[in-house]
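# Tertiary structure, described
So you can see what is in the structure, the chains are spelled out below.
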Amino acid sequence: MLKIEGYYTDAVYNGADGLEYALTGIYDIIILDIMLGAVDGLQVLREIRKKGISSAVLMLTARSQIEDKVSGLDSGADDYLTKPFITKELLARLRALSRRKTAEYCGDSYSYSDIIIDKATHELRCNKQHVMLSKKEYDILEMLLMNKGQLISKEHFVSKIWGLDSDIEYNSIEVYISFLRKKLSAINSSVQIVTSRGLGYALKEHTDGNSN
């Protein structure tokens, strides 16, 4: 259901594996059950918070006692949903958690400097000019927008967009970055994607007409 809604997802079925995946730090949101066997969800949650993992966590469990909810929230959960649940409510809560990740989210779009990208249509706009982005181009630019000013490595792009088990070549990222640079230039945006050799890519606004 989440994949149909456009989310990139990994599923694990016990606390030990869940902790291993979560500690990679690549996830925007973690849906975490409490009842996970020997290592329960609360243990996983406490451990990832202790390690500084800031991914939003939605506790999803059949346990509805108020003490369990308080324990989950006090351990670092961002939200709590009790099973059985209505699918629409889960999706609404995920959207709310996603919006908390960036201050530039407004309705169905993200903005930075003079550009706006539309989540529904994958349109990239600058003033009155616009171009269409492919799905992967949009995903890459969205990551850059949500982490503006921060370097994102090729490895991080691959793990977030294609998945941990993907066999995509890292030079494919270079190709998509090249496409995005051409499209930003085509709409005369002051936003550029800059490269830090060996480290990754970041968004930067240029006002002097010079490129890096």
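See the structure printed just above.
Note that this is a predicted model, so its numbers are computed, not measured. (Residues numbered from 1 in each chain as written. Predicted model: local features only at pLDDT ≥ 70, side-chain atom pairs only at ≥ 80, totals over all residues. Heavy atoms only, no water.)

## As for the pairing of strand 6 (residues 115-118)
- Pairing of strand 5 (residues 109-112) with strand 6, which is carried by 4 bridges, proceeds in the antiparallel orientation. From the neighbouring strand, Tyr110 faces strand 6, where its bridge partner is Ile117.
- Examined bridge by bridge, strand 6 and strand 7 (residues 123-126) share 3 bridges and lie antiparallel to one another. Looking at strand 7, one finds that Ile116 is bridged to Arg125.
- Between strand 6 and strand 7, which pair antiparallel in sequence order, lie 4 residues; one of them, His122, sits at a positive phi of approximately 60 degrees. (Pairing = 2+ DSSP bridges. Helix = DSSP H or I, 4+ residues; strand = E, 2+ residues; numbered from the N terminus.)

## Some points on the pattern of salt bridges
- Counted under the stated rule, the structure contains 13 salt bridges.
- Lys135 serves as the salt-bridge partner of Asp139, at 3.0 Å between the closest nitrogen and oxygen. Remark: Lys135 and Asp139 occur in helix 5 (residues 135-146); sequence separation between them is 4 residues, near one turn of the helix. (Salt bridge = Lys/Arg side-chain N within 4 Å of Asp/Glu carboxyl O.)

## Points about the sheet that holds strand 1 (residues 29-32)
- If you trace the 3 strands from one edge of the open sheet to the other, you get 1-2-3, paired in parallel fashion. Of all strands in the sheet, those with a lone pairing partner are strand 1 and strand 3 (79-82), marking the two edges. If you compare each strand with its neighbour and ignore which way they point, the axes differ by 20 degrees on average.
- One ladder, built from 4 bridges, connects strand 1 with strand 2 (residues 56-61); its direction is parallel. Considered in strand 2, the bridge of Ile30 is made with Val57.
- This element, helix 2 (residues 41-50), spans strand 1 and strand 2 of the sheet and lies at about 175 degrees to strand 2. (Axes fitted to C-alpha atoms, helices over the stretch in contact; angles between N-to-C directions. Contact = heavy atoms within 4.5 Å.)

## With respect to unusual backbone geometry
- Going from Lys83 to Pro84, the amide bond is cis rather than trans, its omega being -5 degrees.
- Secondary-structure assignment places Pro84 in the loop between strand 3 and helix 4 (87-99).
- A positive phi angle, near 60 degrees, is found at His122, a position not held by glycine.
- Mapped onto the fold, His122 is located in the loop between strand 6 and strand 7.
- Classification of His122 as buried rests on a relative accessible area of 15%. (Buried < 20%, exposed > 50% of the residue type's maximum accessible area, 1.4 Å probe, protein only.)

## Brief notes about the layout of surface pockets
- Each pocket or cavity is described by its volume, and for the second largest pocket that value is around 200 Å³.
- The set of elements that each furnish at least two residues to the lining of the second largest pocket consists of helix 6 (154-162), helix 7 (171-186), strand 9 (191-196) and strand 10 (200-205).
- For the lining of the second largest pocket, the element with the highest residue contribution is helix 7, accounting for 3 residues. (1 Å grid on protein atoms, 1.4 Å probe; cavity = no way out; pocket = protein on both sides within 12 Å on 5 of 7 lines; lining within 4 Å. Points joined across faces, edges and corners; volume = space filled by probe spheres on them.)

## Considering the packing of helix 5 against helix 6
- The N-to-C vectors of helix 5 and helix 6 enclose an angle of 120 degrees; their axes lie 11 Å apart at closest approach. Comparing their axes, helix 6 and helix 5 come out oblique. For helix 5 against helix 6, the interelement crossing comes out right-handed. Each of Lys136, Asp139, Ile140, Met143 and Leu144 in helix 5 lies in contact with helix 6, whose residues at this interface are His156, Phe157, Lys160, Ile161 and Trp162. (Parallel < 35°, antiparallel > 145°, perpendicular 65-115°, else oblique. Left-handed = near helix turned anticlockwise from the far one by under 90°.)

## Looking at the nonpolar core
- By size, the foremost hydrophobic cluster in this structure holds 28 residues, and its most contacted members are Leu124, Leu141, Leu144 and Phe157.
- The greatest single-element share of this core, amounting to 6 residues, is contributed by helix 5.
- Grouped together as the second largest cluster of nonpolar side chains are 17 residues, Ile26, Leu36, Ala77 and Tyr80 included. (Core = buried A, V, L, I, M, F, W, Y, C linked by side-chain atoms within 4.5 Å.)

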